[in-house]
Amino acid sequence: VREYDLSDDVVPRTWPNRDKIGPAIADWSGDYYWYTTRYGLVGVVNAETGAIQSIVLDGEQIQNSPAVADDGFYVITDHAMYRFGINGSTGAPQVLWRTEYDRGTRQKPGMLTQGSGTTPTLLGSLVAIADNAGNVLSVQRTRSSALQQFAWQDGGGGWVPKALLRFGVPFG
């Protein structure tokens, strides 16, 4: 078992709003561990050397779990959806694409921010989230920034699912 001290690799903040480390997930190859923090830091730990590198998404918060696939690390902030990769020269995380989504007009009850309440859901060549505006489902191709949107029916309850499910019914 290996342990990595990430206490110095968070966004500096004062109590009671200190930054918090979210889930850590191994990349597809097992060479790196990805992690996020509440106040917008995305970091990687080199599994072999223990070297830690990170970037901060200024002004954005991460409240949802990330997702990992063979083509990258997917993060939803309270402003945008991201796909990250590892820079082959430096081993640092890098933004492969960023797409803003409709944040709606207010923070919904039970939500921590005015943004999506879902984990990025990987659906073959797509990644999907429910945005915060009128329960619209946003679907993005994994290798481009083209965005498709269509109505999400929530039955009038106003809730947003934590993760999206698909059972043989095509999106879009």
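Residues numbered from 1 in each chain as written. Predicted model: local features only at pLDDT ≥ 70, side-chain atom pairs only at ≥ 80, totals over all residues. Heavy atoms only, no water.

Visitor: Now, about the sheet that holds strand β3 (residues 41-46): what can you tell me, with residues and values included?
Guide: Spatially, four strands are ordered β1-β2-β3-β4 in an open sheet, and the strand pairing comes out antiparallel. The sheet terminates laterally at β1 (21-26) and β4 (52-56), the two strands that pair on one side only. For this sheet the average axis-to-axis angle between neighbouring strands, irrespective of direction, equals 20°. With five bridges connecting them, β3 and β4 associate as antiparallel partners. Its bridge partner being in β4, V45 is matched across the sheet by I52. (Pairing = 2+ DSSP bridges. Helix = DSSP H or I, 4+ residues; strand = E, 2+ residues; numbered from the N terminus. Axes fitted to C-alpha atoms, helices over the stretch in contact; angles between N-to-C directions.)

Visitor: An account of the nonpolar core is requested, with residue identities and associated values reported.
Guide: Counting twelve residues, the largest nonpolar core is built from Y32, W34, V42, V44, L57, I62, V68, F73, V75, A80, Y82 and F84. Elements that contribute at least two residues to this core include exactly β2 (32-37), β3, β6 (72-76) and β7 (80-86). With three residues, the single largest contributor to this core is β7. Filtering out sequence-adjacent residues up to four positions away, A80 remains in contact with E60, V75, R98, T99, E100 and Y101. Judged by nonpolar contacts, the second largest core, of nine residues, contains A67, I76, W97 and I129. (Core = buried A, V, L, I, M, F, W, Y, C linked by side-chain atoms within 4.5 Å. Buried < 20%, exposed > 50% of the residue type's maximum accessible area, 1.4 Å probe, protein only. Contact = heavy atoms within 4.5 Å.)

Visitor: How would you explain the sheet that holds strand β8 (residues 93-100) if you had to name every residue and give the values?
Guide: Strand order in the open sheet formed by four strands is β5-β6-β7-β8, with antiparallel pairing between adjacent strands. Both outer strands of the open sheet, β5 (67-69) and β8, are each paired with one neighbouring strand and no more. Recorded for the sheet is a direction-independent mean angle of 20° between the axes of neighbouring strands. As paired strands, β6 and β7 are joined by four bridges and run antiparallel to one another. Of the residues in β7, the one forming a bridge with Y74 is R83.

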